[in-house]
Structures are given as C-alpha cells and as structure tokens.
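# Descriptive structure summary
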Amino acid sequence: MEKSIIENKNKPIKVLLVCEGTFPYVRGGVSTWIYQIIKGLPHINFGIVFMGAGKNDYKGLEYDIPDNLVYMSASYLFDDINRQNHKYSLLKEIIPIRKKTLSEKFNFIKKMHAQFNAQIKSDFPDRIKSLDFYFNFISEDFFLRDRKSWEFIKEEYLEFAYDLSFTDYFWTIRNIHAPIWKIANIAREIPSFEIVHSPSTGYAGFLSSILKHNRKSPFILTEHGIYVRERKIDILNSDMASVKETVMNTLFNAEHLKNVWIKFFEALGKLSYVSADNVISLFNDARTFQVNFGADSNKTQVIPNGVDIKKLSLLLKQRQKEIPKIVALIGRVVQIKDVKTFIKSIKLASDANNQIQGWIVGPEDEDEDYVKECKDMVAMLGMESNCLFLGFKNIYDILPKIGLLTLTSISEGMPLVVLEAFSAGIPAICTDVGACSQLINGGLDEDDMAIGKAGEIVPIANPQIIAKNYVAFLTDEQKWRKAQSAALERVNRYYSIESMLENYNHLYEEAS
C-alpha cells in the first residue's frame, strides 16, 4: 500500500469512501457522483481510499481536492503480480508442509469454494471477515506458496480444466486471489473513521465488508450499475478484446477460466450485499436485482442521481433557434459504450440526411486499442467529415451546440449525462439499459409517466433503428420540441442535486 497522499490528523474522518478505479483518477460517471457528494456536503469530513489496477493506468488527479477531503490513499491491486517474478520462487521456495492445521485450513478453503459456487443468500462466516483470518490463519504466503496450495490448484485443474494450459490456469488462480491480501493490508492501515461508504460491490465492497466487521462501523453500499453484471459482460466479451500482455487480458481464453472469474466477482457481490447496513440503488430494476442476489429487501432503498439544474438550465439561453443536426455520444470511448454501433448509426443517418453529424465526446485513454478500431472504422466508412472524435470536453461547452444526446451502451446505471442534457433542454436517444427507460419514458410514478417521452428508447446494437430515430427527431421540430418539454419537466421535478444530497445527508446522520 502506498503512503497516504492526504492526511489531516486534526480533522477526523466521518465518511470513508472506497473508490475502485474511479475518483479522483478517472473522470466522469461514478467519479462525478463522488465529487458531487463531497463538494455538496461541506460540513462532513470525507476520506478516500482509492484502489486501481496498476499505477501506470492513471495519469494523475482529474479533480481538484475539496477542503473537506481530509484523507486520501492510493493502492494498486495488480502491481507486483507478475508471473515471471514468481516462477522460480514457486519451484524453489515452496514452504515445507507443516503437519499441524493444514488439513483444517484446506478443508475450510474447500468449504468456502463450495459456498462461493452455490447460489446462497445467507451471510458468510465471520471468520473470513476477520483480519486475523488473512494474517494468521490463511496468510498470503501460505495460500500462494505452500505445497498444499499447489496440490489444491492441481486437483482443481485436473477435475475442471485439464485441456487448458496448466501455466495459465495456475497463474489465473493465484492472480485472482492475490489482491485479497493486499486489501487486507489496506484495511489494517486505514485511520479511524465513522462510516464506510462504497460506490460498488467488487473489491471496494470486499474492503468495506472487512472494515465493517473489524472496525464495527456502519457500511453503506451505493451501486450505480450492477457491478457483477458489468464484470460478466467484460469477461464474456473478452475473446473480442485484443490480446495484451497484462494479467487480465491474457487469461480470458477459456470458458472455465471465465467462469472462475465470474464466480469470484459473484462471491464478492454477495458478501457486500449481506454485509451492508444500507443497500442503495439508483432505480427500481437495480433494487430488484440486488434483492434477488442476496440483499435483504428491508435494507434496500432507491436514491436517484441528481444534477445542478439551476446552473445547467442557463445553457438554454445559449441555444440557437434552429435545432443543430448534431448527435453527441458523451462518454468514455470503451467497449461497454458500444461506440461502433454509434458510428454505424451516424453513417446510416447521414446517408439519409447529409446535414446530420456525429460527435464522440469523451476520454480516449482507457482502451487505446478500441479507440483505434473506432477511428479505423470511421476512416473505412469515409466519415471523417461527419463523425468527429473530440476527446474530453467541458459539458457546458458542448451541450448548447448539439441537437440530440445519445448512448448506445450495452450497460449503464443512471447516466448523469442524460440528466445534464435534459437540464440543458436536449432530448436523448438511448439503448434500453439501466435507468435509461425510466429517464426517457418516466417510471417513478403515474405523474412521471404522464409527462411523456423525453426522447426514445432503442434496442442494443441496432444501427438501423437508432439512425431512424436520429433522423426523425432532427427533421421534425414539433416532435423534438415535445420531447424537450418532457425532458425539462422531468429533470426539474425528480432529479435535482439538492434532493440527492439531502437524502445522503440524512443517511449519514442516521448511520452515525
């Protein structure tokens, strides 16, 4: 674990936010929500524990540091997990078998594996939530280097994956589990705090569960998407990803190995749900998933995202009378946003009306291979003049210039960018994922549905239907104005940042 980057020992931490690959090193989405919470509740002292994959994956701070952020540390879970560094130590330095307790330990591990594989809703044994478990019962050295551990992995390989490379299988199992001990070390070094709040399950949820058990602190879980579902998409799509010399991407070459990763993330998800005192979702469908996956329905609650409507609505005055024939996809250029479907849709829409242009507005540094594939597609289709990559831009500079906001994603939570577009008077065309249908069609109550459509919901990966809707809204002013009116009314009535902050302030007061 790295030393803390910020530590003001004179200001105690009230709320410790556990950030997995988000704030303050990645911009947008969940990071923006975390920034909103910290800035919007200045009377509360916050701490940040950032956990990323590798240090070289991040360029530096993407946000300014608010005065009430009094502690921050950064750790990288997959740095130092290098198969070459361990190859010879494994063969030469296997710890001699200790006769006592080994059977007990591995019987417990086998029992835990069986529990992870079962569709359980019950809580996990307190033993695995205790830090003593990771330092004194099943230590990192014991699990990763003991001869018994070698024998256990070999048995699993012969039973389930004998047709794969044993080298790949062995290092997959080790690399899945190695971050667990890193997280246990992080948990041990965190200073005192009152409440732990995790914006996801996964590794962040695991650390929060450990902290709740060992520090006896309240644990609030807010899920923006559904972490387990998003990791499944990443893993199952991994055959389409270009092969990189990294831990994650070289190992998804067989169904069994994919299932190993999926079951691991499912186990972390279940542990988070049963450990948390409050399980928050952004929309009702996500809440239903959480309950079906193990969360106690009495602990669940829906708190929608909110945006600064007063500030964003000022952009209405900057809009020209004529509707710009520009469709903007605002978000990271990554596979889960399915930017390629957007490019194909713009191709079809611009073929139907040559005034229509597509803008791709967002960071391009997360998946450089995918960005190249998208740019190659634009060049191959001869669309350099009507499908532009603008990189990251201030949303206040972009929104007054576009006619439609679009998301062609295969997974979303409750995208803030749709609410920001609504506040600026822009309808949206989005795929039917996450809370998009609730935002565009209404769904909170009968009054919300009566407001009408603020755009259109379209199928995933269907450029023909998506393009047809782009053309329909940008060439029919009456249709566009009706959607604009619905967008403004819905966001003003249900999705203000003041309402969201009031809900979390109340939650923190109740928990402390």
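Anyway, here's the lowdown on the structure attached to this text. (Residues numbered from 1 in each chain as written. Predicted model: local features only at pLDDT ≥ 70, side-chain atom pairs only at ≥ 80, totals over all residues. Heavy atoms only, no water.)

### Concerning the packing of helix H13 (residues 339-352) against helix H19 (residues 463-475)
Cut-off, in case you're wondering: Simply put, an axis is a line fit to the C-alpha atoms, just over the touching stretch for a helix, and the angle between two N-to-C directions goes from 0 to 180 degrees. Helix and strand assignments follow DSSP, with helices taken as H or I runs no shorter than four residues and strands as E runs no shorter than two, numbered in order from the N terminus. Roughly parallel here means an angle under 35 degrees, roughly antiparallel means over 145, roughly perpendicular means 65 to 115, and every remaining angle is called oblique. Handedness of each helix crossing follows the sense of rotation of the near helix against the far helix: counterclockwise by less than a right angle gives left-handed, clockwise gives right-handed. Should any heavy atoms of two residues lie within 4.5 Å, those residues are counted as being in contact. Classification convention: Asp, Glu, Lys, Arg as charged; Ala, Val, Leu, Ile, Met, Phe, Trp, Tyr, Cys, Pro as nonpolar; all other residues, Gly among them, as polar.
Where H13 meets H19, the axes come as close as 8 Å, and the angle between the chain directions of the two elements is 50°. Looking at the two axes, H13 sits oblique to H19. The two elements H13 and H19 cross, and the hand of that crossing is right-handed. Where H13 approaches H19, its residues Thr341, Phe342, Lys344, Ser345, Ile346, Leu348, Ala349 and Ala352 are matched on the opposing element by Pro463, Gln464, Ile466, Ala467, Tyr470 and Val471. For the contact of H13 with H19, the residue count by class is 10 nonpolar, 3 polar and 1 charged.

### Some thoughts on the sheet that holds strand S14 (residues 455-458)
Counted only if it meets this: At least two DSSP bridges between two strands are required for those strands to pair.
If you walk across this open sheet you meet the 6 strands as S11-S10-S9-S12-S13-S14, and the pairing is parallel. Two strands bound the open sheet, and with one partner strand each, they are strand S11 (387-389) and S14. Sheet twist, expressed as the average angle between the axes of neighbouring strands with direction ignored, equals 20°. Both strand S13 (residues 428-431) and S14 contribute to a ladder of 4 bridges, which runs parallel. Bridge pairing in S14 places Ala428 opposite Gly455. Taken strand by strand, H13 contacts strand S9 (326-330), strand S10 (357-361), S11 and strand S12 (404-407), and its axis lies near 160° from that of S10. On top of the sheet, helix H16 (residues 416-423) reaches S9, S12 and S13; it is set at about 170° to S12, its chief contact.

### A word on the sheet that holds strand S1 (residues 6-7)
Read from one edge to the other, the open sheet built from 8 strands follows the order S1-S4-S3-S2-S5-S6-S7-S8, with strand pairing classed as mixed. On the outer flanks of this sheet lie S1 and strand S8 (300-302), each paired with one strand and no other. Contacts between helix H1 (residues 30-40) and the sheet are confined to strand S2 (13-20), strand S3 (46-52), strand S4 (69-76), strand S5 (193-198) and strand S6 (219-223), with S3 contributing the most and set at about 165° to the helix.

### Details of H16
Applicable threshold: Relative accessibility thresholds used throughout: buried, under 20% of the residue-type maximum; exposed, over 50%; partly exposed, between the two (1.4 Å probe, protein chains only).
Burial within H16 is extensive, with 8 of its 8 residues counted as buried. Looking at the residues trailing H16, positive phi occurs at Gly425, about 80°.

### Section: the side chain of Asn305
Quick reminder of the rule: In protein, a polar contact means a hydrogen-donor-capable atom and an acceptor-capable atom, both N or O and within 3.5 Å, with residues adjacent in sequence counting only if both atoms are side-chain atoms; elsewhere, any N or O pair within 3.5 Å suffices.
Within the secondary structure, Asn305 sits in the loop between S8 and helix H12 (309-313). In terms of polar contacts, Asn305 uses its side chain to reach the backbone carbonyl oxygen of Met414, at 2.9 Å. Not counting the four nearest positions on each side in its chain, Asn305 is found in contact with Trp33, His224, Leu282, Met414, Leu416, Leu419, Tyr495 and Met500.

### As for the packing of aromatic side chains
What counts here: Here the aromatic set is Phe, Tyr and Trp, taking the six-membered ring for Trp, and pairing holds for ring centres within 6.5 Å; pairs whose planes are under 30 degrees apart are stacked, those over 60 apart are edge-to-face, and all others are tilted.
In the structure shown here, the tally under the stated rule is 26 aromatic pairs. Where Phe342 meets Tyr470, the ring centres are 6.3 Å apart and the plane angle is 70°; that geometry is what we call edge-to-face. In this pair, Phe342 is assigned in helix H13 and Tyr470 in helix H19, connecting sequence segments 128 residues apart. Of the two residues examined, Phe342 and Tyr470, each falls in the buried class. Three or more aromatic residues joined by ring pairs make a cluster, and in this case those are Tyr25, Phe50, Tyr58 and Tyr76.

### A short note on the environment of Thr431
Relative to the helices and strands, Thr431 is located in strand S13. Thr431 sits 25 residues away from Thr406 along the chain, and the two C-alpha atoms are 8.4 Å apart. Setting aside anything within four residues of it in sequence, one finds Thr431 in contact with Leu407, Thr408, Ser409, Cys436, Ile457, Val458, Pro459 and Ile460.

### Concerning the pattern of salt bridges
Put simply, the test is: In what follows, salt bridge is the name for a side-chain nitrogen of Lys or Arg lying within 4 Å of a carboxyl oxygen of Asp or Glu.
All chains considered together, the criterion is met by 15 salt bridges. In this structure, the salt-bridge partner of Glu62 is Arg27, at a minimum N-O distance of 3.7 Å. Here Glu62 is found in the loop between S3 and S4, whereas its partner Arg27 is found in the loop between S2 and H1, with 35 residues between them in sequence. Salt-bridge contacts for Glu366 lead to Arg332; the nearest nitrogen and oxygen are separated by 3.0 Å. Here Glu366, found in the loop between S10 and helix H14 (368-380), pairs with Arg332, found in the loop between S9 and H13; they are 34 residues apart in sequence, far enough to count as distant.

### Considering the nonpolar core
Operational definition: Here the nonpolar core consists of buried residues drawn from Ala, Val, Leu, Ile, Met, Phe, Trp, Tyr and Cys, with membership extended through side-chain atoms lying within 4.5 Å. Reported domain spans reflect what an automatic or database domain assignment gives.
Formed by 103 residues in total, the largest nonpolar core has its most connected members in Met51, Tyr203, Leu207 and Leu399. At 12 residues, the largest contribution of residues to this core is made by helix H7 (residues 166-189). For this core, the domains that each give at least three residues are domain 1 (6-80 + 126-302) and domain 2 (309-495). Tyr63, Ile195, Ile220 and Ile280 belong to the second largest nonpolar core, which has 32 residues in total.

### Focus: the pairing of S2
Here is the rule we go by: Crossover handedness is defined by viewing with both strands directed away from the observer: a clockwise path from the first strand over the helix to the second marks the crossover as right-handed.
Across the 8 residues that make up S2, a large majority, 8, are buried. Pairing geometry for S2 and S3, over 6 bridges, is parallel. Its bridge partner being in S3, Val18 is matched across the sheet by Val49. Once the chain exits S2 it traverses H1 before rejoining the sheet at S3, and the crossover so formed is right-handed.

### Regarding helix H10 (residues 255-275)
How we decide: Here the expected length of a helix is defined as 1.5 Å per residue gap, with one fewer gap than residues.
For H10, with 21 residues, the first-to-last C-alpha span of 30 Å sits near the 30 Å given by 1.5 Å per residue. Counting buried residues in H10 gives 17 out of 21 residues, a clear majority hidden from the surface.

### So, the pairing of S13
Neither face of S13 is exposed, since Ala428 and Cys430 on one face and Ile429 and Thr431 on the opposite face are all buried. In this structure, S12 lies alongside S13, joined through 3 bridges in parallel fashion. Within S13, the position partnered with Leu407 by the bridge is Cys430. This β-α-β element, S12 to H16 to S13, shows right-handed connectivity.

### Re the side chain of Thr201
Tracing the chain through its elements places Thr201 in the loop between S5 and helix H8 (202-215). For Thr201, a relative accessible area of 0% puts it in the buried group. The contact partners of Thr201, leaving out residues within four places of it in the chain, are Glu20, Leu221, Glu223, Tyr227, Val228, Gly269, Ser272 and Tyr273.

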